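Next come the chains, spelled out residue by residue.
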Amino acid sequence: MTEVKSPVDHFFDEDEEELEFSEFADLGYPKKYGVKSVDEQANILKQFFPEAKSYYQSASNLAKPDEAEGYFAILKWNSISSSPNGAIRRILDAIGKQRKKFRNRRSSWESSLYGRQELTRYSLDLIADRQQTDILVIPAQFGLRHHGRSVRRVREMLLPGEFGLDVFTVSCMALTHPERFKCCELAADCAGDDFSRRASEFALSLCVHQFSTSLENRLELLCGDRLDYEPCDWSGSVTGFMT
């Protein structure tokens, strides 16, 4: 887990302090995982979404923060659907076609209160405005940096320019990097979502979308199994970076 200094410590007890003693302390990425070239990622996305014709081809001009693992090609959601939920359904359907084993446990919650974090929405909209393409390119990391932290602890520890990635964006990353998810390796939390199982004034805690791999090596999108204040020693939040 990467050492990060937080400007505030409201949720310091939601950092997995005992991670080094956990049986999951050494979880990381599968050996076959590595960030592909932007060209290769864009080609994968275009195979499933031929309407996404243009992509940002000047990634070499983007500064890559030390905390980022590489550049990831991400679909602009409104290039494939007229609504965010429609875009999420389409990208998850694509993952289901790509993988023999995939279970989407989000479908039963689509009517729930869902949205993106304000910082996430602002950052991705700004990137889209700058790049003006159907497929965007952003520096990101796939969860290892925030291994063992609750989602809301991660949000208060974000560096300047860092932001949590939402379920649609992480789904794009999962589609272009299927080798990232393998049984008994690090799961991935979507820290850019605002999601509640009930649209109610009593829903004080937000749920977490999480990509996890079962013992049968089946990729699952978990939804509502954890709340944003619960740390998880076998998962880490996925984040992107403004440049």
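Remember, it's a predicted structure, so these values are computed and weren't measured experimentally.

We now examine the overall build of the protein chain. When helices and strands are tallied, the protein chain shows five helices and ten strands. Summarising the internal contacts of the protein chain: among those between residues at least 6 apart in sequence, 79% fall at separations of at least 24.

The subject of this paragraph is the nonpolar core. Counting 51 residues, the largest nonpolar core has Leu75, Phe142 and Phe211 as its most contacted members. Those elements that provide at least two residues to this core are α1 (38-48), β1 (70-75), α2 (84-98), α3 (118-131), β4 (135-141), α5 (167-176), β6 (187-190) and β9 (219-227). The leading source of residues in this core is α5, at seven residues. Leu75 has contacts with Leu45, Phe49, Ala52, Ile80, Ile91, Asp134, Ile135, Phe168 and Cys172, leaving out every residue within four places of it along the chain.

Under the criterion given, the structure shown has five aromatic pairs. When the centroid spacing of 6.0 Å and the interplanar angle of 80 degrees are considered together, the rings of Tyr33 and Phe142 count as edge-to-face. Residue Tyr33 is found in the segment before α1, and its partner Phe142 is found in the loop between β4 and α4 (151-157); the two are separated by 109 residues along the sequence. Just as Tyr33 is buried, Phe142 falls in that class too. Geometrically, the ring pair formed by Phe181 and Phe211 is tilted, given 5.9 Å between the ring centres and 40 degrees between the ring planes. Taken together, the residues span a long stretch of sequence, with Phe181 in the loop between α5 and β6 and Phe211 in strand β8 (residues 207-213) at a distance of 30 residues. Of the residues examined, Phe211 reaches a relative accessible area of 0% and is grouped as buried. Taken together, the ring pairs connect Tyr29, Tyr33, Phe72, Phe142, Phe181 and Phe211 into an aromatic cluster. One Lys or Arg, Arg180, reaches over the ring of Phe142 and ends 4.9 Å from the middle of that ring. Taking the ring centre of Phe181 as reference, the NZ or CZ of Arg180 above it sits at 4.7 Å.

One can describe the packing of α1 onto α5 by two numbers: an axis separation of 9 Å at closest approach and a directional angle of 100 degrees. Comparing the axis directions of α1 and α5 gives the class roughly perpendicular. In this structure, α1 contributes Gln41, Ile44, Leu45 and Phe48 to the contact, and α5 contributes Cys172, Leu175 and Thr176. In terms of residue class, the contact of α1 with α5 is built from five nonpolar, two polar and no charged.

The element β4 is extensively covered by neighbouring structure, given that seven of its seven residues are classed as buried. Residues Ile135, Val137, Pro139 and Gln141 of β4 are buried on one face, and the alternating residues Leu136, Ile138 and Ala140, pointing to the opposite face, are buried as well. Pairing between β4 and strand β10 (residues 235-241): two bridges, direction antiparallel. By the bridge assignment for β10, Gln141 is matched with Thr239.

The set of residues buried in α1 consists of Val38, Gln41, Ala42, Ile44 and Leu45. The buried residues of α1 occupy an angular sector of 155 degrees when the element is viewed end-on, so they sit on one face. The inward-facing, buried residues of α1 abut β1, β4 and α5.

Attention now goes to α2. In a regular helix each residue adds 1.5 Å, so 15 residues correspond to 21 Å; α2 covers 21 Å between its end C-alpha atoms and thus fits that length. Looking only at α2, the buried set comprises Gly86, Ala87, Ile88, Ile91, Leu92, Ala94 and Ile95.

On to the environment of Ala187, then. Structurally, Ala187 can be placed in strand β6. Each C-alpha atom of the pair Ala187 and Thr213 lies 7.1 Å from the other, and the pair is 26 residues apart in sequence. The contacts of Ala187, once residues within four sequence positions are left out, are Arg180, Gln210, Phe211, Ser212, Trp234, Ser235 and Gly236.

The rules we used
- Residues numbered from 1 in each chain as written.
- Predicted model: local features only at pLDDT ≥ 70, side-chain atom pairs only at ≥ 80, totals over all residues.
- Heavy atoms only, no water.
- Helix = DSSP H or I, 4+ residues; strand = E, 2+ residues; numbered from the N terminus.
- Contact = heavy atoms within 4.5 Å.
- Core = buried A, V, L, I, M, F, W, Y, C linked by side-chain atoms within 4.5 Å.
- Buried < 20%, exposed > 50% of the residue type's maximum accessible area, 1.4 Å probe, protein only.
- Phe/Tyr/Trp six-rings, centres within 6.5 Å; stacked < 30°, edge-to-face > 60°.
- Lys NZ or Arg CZ within 6 Å of the ring centre and 35° of its normal.
- Axes fitted to C-alpha atoms, helices over the stretch in contact; angles between N-to-C directions.
- Parallel < 35°, antiparallel > 145°, perpendicular 65-115°, else oblique.
- Nonpolar A, V, L, I, M, F, W, Y, C, P; charged D, E, K, R; others polar.
- Pairing = 2+ DSSP bridges.
- Arc of directions from axis to C-beta.
- Expected span 1.5 Å × (residues − 1).

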